[in-house]
Amino acid sequence: MRIAIVAESFLPLMNGVTHSILRVLEHLQERGDEVMVIAPSTSDTDVSSVEKGAYVHRLPSVPLAGYTNVRVALGGVNRVKRILADFSPDVVHLASPFVLGWRAVQAAHQLGIPTVAIYQTEVPSYAARYGVPFLENWAWNRVDNIHLLATRTLVPSTFALNQLRGRGILRVDMWRRGVDTARFNPAKRSTAWRSSVAPDGHRIIGYVGRLAVEKQVEDLAVLADLPNTKLVIVGDGPQRAALEAQLPDAVFTGFLGGDALAEAVAGFDLFVHPGEFETFCQTIQEAMASGVPVVATGRGGPLDLVENSRTGWLYEPGNLTQLRDYVQDLMGDDAKRRAFATAATASVQGRTWPVLSADLVRHYTEVIASFSRENGPTELTSSKGPSS
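Residues numbered from 1 in each chain as written. Predicted model: local features only at pLDDT ≥ 70, side-chain atom pairs only at ≥ 80, totals over all residues. Heavy atoms only, no water.

Novice: Pulling in residues and values, what's your account of empty space enclosed by the protein?
Specialist: Unfilled space is identified by rolling a water-sized probe across the atoms. Overall, the coordinates contain three cavities of 30 Å³ or more when judged by the stated rule. The computed volume of the largest cavity comes to approximately 70 Å³. If you trace the largest cavity, you find it lined by Ser-96, Pro-97, Phe-98, Ile-118, Tyr-119, Gln-120, Thr-121, Val-123, Val-143 and His-147. For the lining of the largest cavity, a count of residues per class yields six nonpolar, four polar and no charged. (1 Å grid on protein atoms, 1.4 Å probe; cavity = no way out; pocket = protein on both sides within 12 Å on 5 of 7 lines; lining within 4 Å. Points joined across faces, edges and corners; volume = space filled by probe spheres on them. Nonpolar A, V, L, I, M, F, W, Y, C, P; charged D, E, K, R; others polar.)

Novice: Outline the packing of helix α12 (residues 320-331) against helix α13 (residues 334-347), supporting the account with residue identities and numerical values.
Specialist: Interhelical geometry of α12 versus α13 gives an angle of 100° and a closest axis separation of 6 Å. In terms of orientation, α12 and α13 fall into the roughly perpendicular class. Contacts from Asp-329, Leu-330 and Met-331 in α12 reach Asp-334, Lys-336, Arg-337 and Phe-340 in α13. Partitioning the contact of α12 with α13 into residue classes produces three nonpolar, no polar and four charged. (Axes fitted to C-alpha atoms, helices over the stretch in contact; angles between N-to-C directions. Helix = DSSP H or I, 4+ residues; strand = E, 2+ residues; numbered from the N terminus. Parallel < 35°, antiparallel > 145°, perpendicular 65-115°, else oblique. Contact = heavy atoms within 4.5 Å.)

Novice: Talk me through the nonpolar core; I want residue IDs and the actual numbers.
Specialist: In terms of nonpolar packing, the biggest core is built from 30 residues, with Val-234, Phe-268, Phe-271, Ile-284 and Val-294 touching the most fellow members. Among the secondary structure elements, those contributing two or more residues to this core are α7 (191-197), β11 (203-208), β12 (229-234), α9 (258-267), α10 (282-289) and β15 (294-297). For Val-234, the contacting residues outside a window of four places in its chain are Tyr-207, Val-208, Gly-209, Thr-253, Gly-254, Leu-256, Leu-261, Ala-264 and Phe-268. (Core = buried A, V, L, I, M, F, W, Y, C linked by side-chain atoms within 4.5 Å. Buried < 20%, exposed > 50% of the residue type's maximum accessible area, 1.4 Å probe, protein only.)

Novice: Account for the sheet that holds strand β13 (residues 251-254), naming residues and giving values.
Specialist: Strand order in this open sheet of six strands is β13-β12-β11-β14-β15-β16, and the pairing throughout is parallel. Where the open sheet ends on each side, the last strands, each with one partner, are β13 and β16 (312-315). Neighbour to neighbour, the strand axes of the sheet diverge by 20° on average, direction disregarded. As paired strands, strand β14 (residues 270-273) and β15 are joined by three bridges and run parallel to one another. (Pairing = 2+ DSSP bridges.)

Novice: Residues and numbers for the pairing of β14, please.
Specialist: Of the two faces of β14, the one holding Leu-270 and Val-272 and the one holding Phe-271 and His-273 are both buried throughout. Looking at chain direction, β11 and β14 are connected through two bridges and run parallel. Within β14, the position partnered with Ile-205 by the bridge is Leu-270. Considered for its hand, the β-α-β crossover made up of β14, α10 and β15 is right-handed. (Right-handed = clockwise from strand over helix to strand, strands pointing away.)

And the structure:
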């Protein structure tokens, strides 16, 4: 196939969207597909124009106010339309579309090219967290318009599926995320790493993710005084300085990648994630693969990933007393925590990126087959329905 991937964010910025794209690119490269990535430009001069066999076409961009490592692509629909027309893809993959993705879905529609839109970020719900709640309705209108125009939308969780279908978006199917179970594995647990962050031998409560307002990392302050525990925060972002002030006894490692990240996650005794706006939450899946039970908020993607009283606990959104109680429950009972850890690891086996990427290619094939260049996208959902 010839596939154009339109990315709201891409390297050198590493986040959930970029990570998913890279894993998909690896699979498409192995298949021998011709792939182009359209993404915002970057000020980093060391970034390659070819990534995992795909040519990366950079559009002029500006940094997002207050979050300078996130860039917003400039230019209108016609610019994207010319790029797509020159490449002539069989399908356009819209990765977490919102700004650039809105232009791309219009351009592809005008050119008669089918689109697969990946709903990965609940952007409208960020509005209130960032102090601009009046923008939420506008943002939902943008999301609706993108996914109503897309040939097919893929969502990572049951919550997201019901959310979009409840908004009248009917061409929706399930596509979860893979996890590298060779990289994220209980065997990566390191006594040396644990000693480096908790030299007194305390049990480690860990978080991995962006340090941004929507992640609600400040909620972890309710865990700061739990006896015989050490809070370890892995990640970076605009909230880091504020969080370091709020959590003075926590260890902040900064951004970790590769084997360093795998070693850190496997070194946790418990993983916590307080964010309420996760459509999936890949870091939860990586923790579970690493043999670490999870306590997370009971909204969004975690509802599909964490099984209460078996692989972890889900607490009522906003109920920080319950968060603390659940953490105490597992940190105070080694046998229960080990049982949860074993069940967590078993629950993610088989969810490898090659399996999930092959499922994505199936979606590509179906939309190409069902799409009529003369009449536009069909109104039918996948004949196979949501896939696991």
